[in-house]
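As a plain string of letters, each chain reads:
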Amino acid sequence: MTKVDARDLQTNETDDRGRIYLGTEYANKRVTVAVVEVESDRPDEDELAAAYREASESAKELAEEWDEASDEAWGGLDK
């Protein structure tokens, strides 16, 4: 197995098609690339589901508070 010096590792971001520009120093050379880790800039499904649940609960609480405030406001108009 080939040992890799940590100082030789590079972090690059891909374009919208998943391609990485390595640079002209690699032109006309055979390059082997290993993907060590992949990070997404988008939340995963569990994070999205939790965010939707939280927003739904907040909306429900806000609607209940508004309903109470609305009843009080209408009640004040009847006086």
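Summary of the structure given here. (Residues numbered from 1 in each chain as written. Predicted model: local features only at pLDDT ≥ 70, side-chain atom pairs only at ≥ 80, totals over all residues. Heavy atoms only, no water.)

### Quick look at the overall build of the protein
Of the regular secondary structure elements, the protein holds 1 helix and 0 strands. Relative to the compact-globule value of 12 Å for 79 residues, the protein shows a C-alpha radius of gyration of 27 Å, a clear excess of over 25%. Seen along its three principal axes, the alpha-carbon backbone of the protein occupies a region of about 85 × 25 × 20 Å. The buried share among the 79 residues of the protein stands at 3%. Just so you have it, the protein exposes about 8500 Å², and 50% of that area is on carbon and sulfur atoms. Put simply, the protein has 10 plus and 23 minus side-chain charges, and the middle of one group is 16 Å from the middle of the other. (Helix = DSSP H or I, 4+ residues; strand = E, 2+ residues; numbered from the N terminus. Rg over C-alpha atoms; globule rule 2.2 N^0.38 Å. Buried < 20%, exposed > 50% of the residue type's maximum accessible area, 1.4 Å probe, protein only. Areas by Shrake-Rupley, 256 points an atom, 1.4 Å probe, with all protein chains shown as cover. Lys, Arg positive; Asp, Glu negative; His and termini not counted. Charge placed at Lys NZ, Arg CZ, Asp CG, Glu CD.)

### Points about the environment of Arg17
Examined against the element boundaries, Arg17 turns out to sit in the segment before α1 (45–77). Distance from Arg17 to Asp71, taken between C-alpha atoms, is 55 Å for residues 54 residues apart in sequence.

### Some remarks on a negative patch on the surface
Together, Glu54, Glu57, Glu61, Glu64, Glu65, Asp67, Glu68, Asp71 and Glu72 make up a negatively charged patch on the protein surface. When you line up the elements, Glu61 lands in helix α1. According to the relative accessible area criterion, Glu61 is partly exposed, its value standing at 47%. (Patch = residues over 30% accessible without salt bridge, like charges linked within 9 Å, V, L, I, M, F, W, Y side chains within 5 Å. Salt bridge = Lys/Arg side-chain N within 4 Å of Asp/Glu carboxyl O.)

### Some remarks on α1
Along its 33 residues, α1 runs 47 Å from first to last C-alpha, staying within 8% of the 48 Å computed at 1.5 Å per residue. Measuring from the side-chain oxygen of the N-cap residue of α1 to the backbone nitrogen of Asp46 gives 3.3 Å; that N-cap residue is Asp44. (Expected span 1.5 Å × (residues − 1). Polar contact = N/O pair within 3.5 Å; in protein donor to acceptor, adjacent residues only side chain to side chain.)

Nothing here speaks to function; it is geometry throughout.
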